[in-house]
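# Structure at a glance
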Amino acid sequence: MKNRILLLTVILFALITACKNEKKTNDNPFATEYSTPFQVPPFDKIDTTDYLPAFIAGIKQHDEEVLAITDNATEPTFENTILPFDKSGKMLTRVSKVFFNLTEANTNDQLQAIANKVSPLLSKHNDDIAMNAKLFTRIKAIYDKRSGSNLDAQQIRAVEKYYRDFERRGANLSKDQQDQLRKINEDLSMLSLKFGNNLLAETNKNFKLVIDNKADLDGLPDDVISAAAEAAEKDGSKGKWLFTLAKPSLIPFLQYAKNRALREKIYRGYFMRGNNDNANDNKAILADIVRLRAEKAKLLGYENYAAYVIDDNMAKTPATVDAFLDKLMVASLPVAKAELSEMQKIADSEGGNFKLKSWDWWYYSEKLRKLKYDLDENELKPYFSLENVRNGMFALAGKLYGITFTKVTNLPVYYKDVETFEVKEADGSHLGILYLDYYPRESKSGGAWCTDFQSAGWENGKKVDPVVSMVCNFTPPTGDIPALLNWDETSTLFHEFGHALHGLFTLGKYNRTAGNVPQDYVELPSQVMENWAGEPEVLKMYAKHYKTGEVIPDKLIDKIEKSGLFNQGFVTVEYLAASILDLDYHELATPAKVEPVSFEKDAMYKAGLIDEILPRYRSTYFAHIFSGGYAAGYYVYMWAAVLDADAFDYFKQSGDIFNPELAAKFRKNCLAESGDDEGMIQYKKFRGQEPSLDPLLKRRGLK
Ligand SMILES: [Zn+2]
């Protein structure tokens, strides 16, 4: 969920548009620029019935604008082609940003019904533009002459980005090849859908662990037991206990259930999903996906699908990613093995006469955690009231960048609990607006994400100020106790705030490039903020007891720091194994024929994986790569982790984690101008050199 900002960018890319002079006389709230303070969406004036007409009118307007560009009889130039295309489709962007934010943050049946109608319209509209030969011809003409032109660096970057978008979507292919590509895309989208549906059935329907003997619950905490009893009752098995493959049910069972045979049973249920030779089997489907992707890559002129995907990322080539993953695997495997041997000792000392298996890992690592770190979340929570954490992150941004946050109460919001803040520069000038939406509700998707209602940009030489939104699902307040966050929630708030700062600081001139970074860069601005959240100096700024105001004691700070190293060998290895599996599938050249079970076995053997650890996702339930947008891209979290650890280390090495000079450099190169050039070039402008792996290895206790 933390990547929502990226997904939205991708969805909106083809919609990113604008039209300056068209006067709309109807009163649809999306027809014209908003006349609210700071041009925030007029939520109080938007009616559900406004959306569909706004989408239809917005698509029509966009089509007309593109037609005006392609019908232009004069020679293509940046001013008569790229610029109007970059600024086209403004109404569509306005309605899309509000609508797709609300279908995640505050949805209802009516909105879902509209989404079903709108999705095929948008998909067709995007294809029409991607395959518009006249438009591509004009863009190509500008692209071909760009080096001898008088375009500035930002303009050239925008031209190159647009050219590559069209090229990567098949604009350079012959008609026959385009037809082939369309067919492959169509087949792939159906196969991905099927993969996801099968997985849903395998996870939610095809496996249940029903317990009717109380003794089999031995070891489980009371709240887990009562949740299982409730689940059983709902399922028509009153008086029994039901466990499923959903994480909140599965993980506590693996962590706490003393009954080893049942732990094995539920874990087998989990890791065999999609591989049961039943109607929901995913093996043939994923083999087809792999084959078609290899064909698609070949059509587009790439050696394999990984080469196609990574060409657009910082890493550039699959070989770079392979080497990166291998290096980390070499560093983390011994740590995982050491963790295993510590756990084996516990099992032995308890008289267990067996070698640990994969279904034992959670159970014994939990014992190890208590033994080594003794961190009780309930002891921490009073120091992390939502208000204190939020004020802490605002104060941190103030220390680093001089900006301030002032609550405003006169702006329309889409739900009553949503808060709005005006963000100002150190000199008091307006920077943007931040919406904060904290608590779960039925109308909201799970997880946390950051997005915007208005991206920062430029219009007719004037800066357009961003309107950014953070949506979370934190523990709500109860009675007279305020919302108290656990450590994971605290880190999440800082994480999403990092995405928000990226959106607020963005300065690029063109929609296509402003703040637009590769997939393996996206999590740098967010993950880097998590580093500050746990620093003793920063904790002392905000972690204060909600009742007494007492600053968090050093003893607790120490526990937070130490527990950061818990189980990191395992966590890193299972992640790397999945990343390697992903790459192995997508580095196959056509004709790519795989038998998933043996393919996975060979790949994991070559990677040196030990039997006691399975890849975080095995092939038949690897939804990120077979039904989501992460094919050949599961590695990006770790790639960005190298960047964020290295960036933060730079601050630490300077002796001042608030170093204003470094903060200014980070803001300029890695946030404000992040889309101006390639990700690594922007990073090096800040850091002066390429990132080192060491800070990440040290942070995870792998070195
Ligand atoms: Zn994120």
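Residues numbered from 1 in each chain as written. Predicted model: local features only at pLDDT ≥ 70, side-chain atom pairs only at ≥ 80, totals over all residues. Heavy atoms only, no water.

## Details of the state of the cysteines
Let me state the cut-off plainly: Criterion for a disulfide: a pair of cysteine sulfur atoms at a distance within 2.5 Å. Categorising residues by exposure relies on relative accessible area from a 1.4 Å probe, with only protein chains included: less than 20% of the type maximum marks a residue as buried, more than 50% marks it as exposed, and the intermediate range marks it as partly exposed.
One pass over the structure, following the stated rule, counts 0 disulfides. Its sulfur unpaired, C472 is 9.0 Å from the next cysteine sulfur, which belongs to C450. Given the relative accessible area of 1%, C472 is considered buried. Here C670 stays free of any disulfide, with the sulfur of C450 as its closest cysteine sulfur at 17 Å.

## Here we look at the packing of aromatic side chains
In plain terms, the rule: The pairing test for Phe, Tyr and Trp rings, Trp by its six-membered ring, is centres within 6.5 Å, and the orientation test on the planes gives stacked under 30 degrees, edge-to-face over 60, and tilted for anything in between. Helix numbers and strand numbers start at the N terminus; a helix is a DSSP run of H or I with at least 4 residues, a strand a run of E with at least 2.
Evaluated as defined, the whole model comprises 53 aromatic pairs. Judged by centre distance (5.3 Å) and plane angle (75°), the rings of F43 and F453 are edge-to-face. With F43 in the loop between α1 (4-13) and α2 (51-70) and F453 in strand β6 (residues 449-454), this pair connects stretches of sequence that are 410 residues apart. For the residue pair F43 and F453, the accessibility class agrees, reading buried in each case. Seen from their ring centres, Y267 and Y270 are 6.1 Å apart, and the 10° between their planes marks the pair as stacked. One end of the pair, Y267, and the other, Y270, are both in helix α11 (residues 260-271), 3 residues apart, so they sit about a helical turn from each other. No difference in accessibility class separates Y267 from Y270, as the two residues are buried. Clustering of aromatic rings is evident, with ring pairs tying together Y267, Y270, F271, W361, W362, F570 and Y621.

## Considering the sheet that holds β6
Note the following rule: A pair of strands is labelled paired if DSSP reports no fewer than 2 bridges between them. Here the axes come from fitting lines to C-alpha atoms, over the contacting stretch only for helices, and the angles between their N-to-C directions go from 0 to 180 degrees. Any two residues whose heavy atoms approach within 4.5 Å at even a single point are treated as in contact.
The strand order β3-β4-β5-β9-β6 describes an open sheet built from 5 strands, whose pairing is mixed. Pairing within the sheet leaves two strands with one partner each, and these edge strands are β3 (404-408) and β6. Neighbour-to-neighbour, the strand axes of the sheet open up by a mean angle of 30°, direction not taken into account. Against the sheet, helix α18 (residues 487-505) contacts β3, β4 (419-424), β5 (430-437), β6 and β9 (467-471), and its axis sits at roughly 170° relative to β9.

## Regarding the pattern of salt bridges
We count it as follows: A pairing counts as a salt bridge when a side-chain nitrogen of Lys or Arg comes within 4 Å of a carboxyl oxygen of Asp or Glu.
Under the defined criterion, the tally for this structure stands at 50 salt bridges. Its salt-bridge partner being R268, residue E264 comes within 3.0 Å of it at the nearest N-O pair. One end of the pair, E264, and the other, R268, are both in helix α11, 4 residues apart, so they sit about a helical turn from each other. The class for R268 is partly exposed, based on a relative accessible area of 37%. Two residues, E419 and K407, come together in a salt bridge whose shortest N-O distance is 2.7 Å. Note that E419 is positioned in strand β4 and K407 in strand β3, a separation of 12 residues in sequence. Owing to a relative accessible area of 15%, E419 belongs among the buried residues under this scheme. One continuous salt-bridge network, built from bridges that share partners, spans E33, K90, R94 and E459.

## With respect to the side chain of T103
Quick reminder of the rule: Nitrogen and oxygen atoms within 3.5 Å of one another constitute a polar contact, given that in protein one can donate a hydrogen and the other can accept it, and given that sequence-neighbouring residues count only through two side-chain atoms.
Position of T103 among the secondary structure elements: in helix α4 (residues 90-105). Side-chain polar atoms of T103 contact the backbone oxygen of F100, separated by 3.2 Å. Apart from residues no more than four positions distant in its own chain, T103 is found in contact with L111 and Q112.

## What to know about the nonpolar core
Worth spelling out the cut-off: Only buried residues count toward a nonpolar core, which is a set of Ala, Val, Leu, Ile, Met, Phe, Trp, Tyr and Cys residues joined through side-chain atoms within 4.5 Å.
Residues F243, F384, L434, F497, W532 and I552 are the most contacted members of the largest nonpolar core, which totals 171 residues. Per-element tally for this core: the top contributor is helix α14 (residues 318-349), with 12 residues. The residues touching F384, leaving out its near neighbours within four places in the chain, are V389, A483, L484, L485, W487, T490, L539, Y542, A543, I552 and I560.

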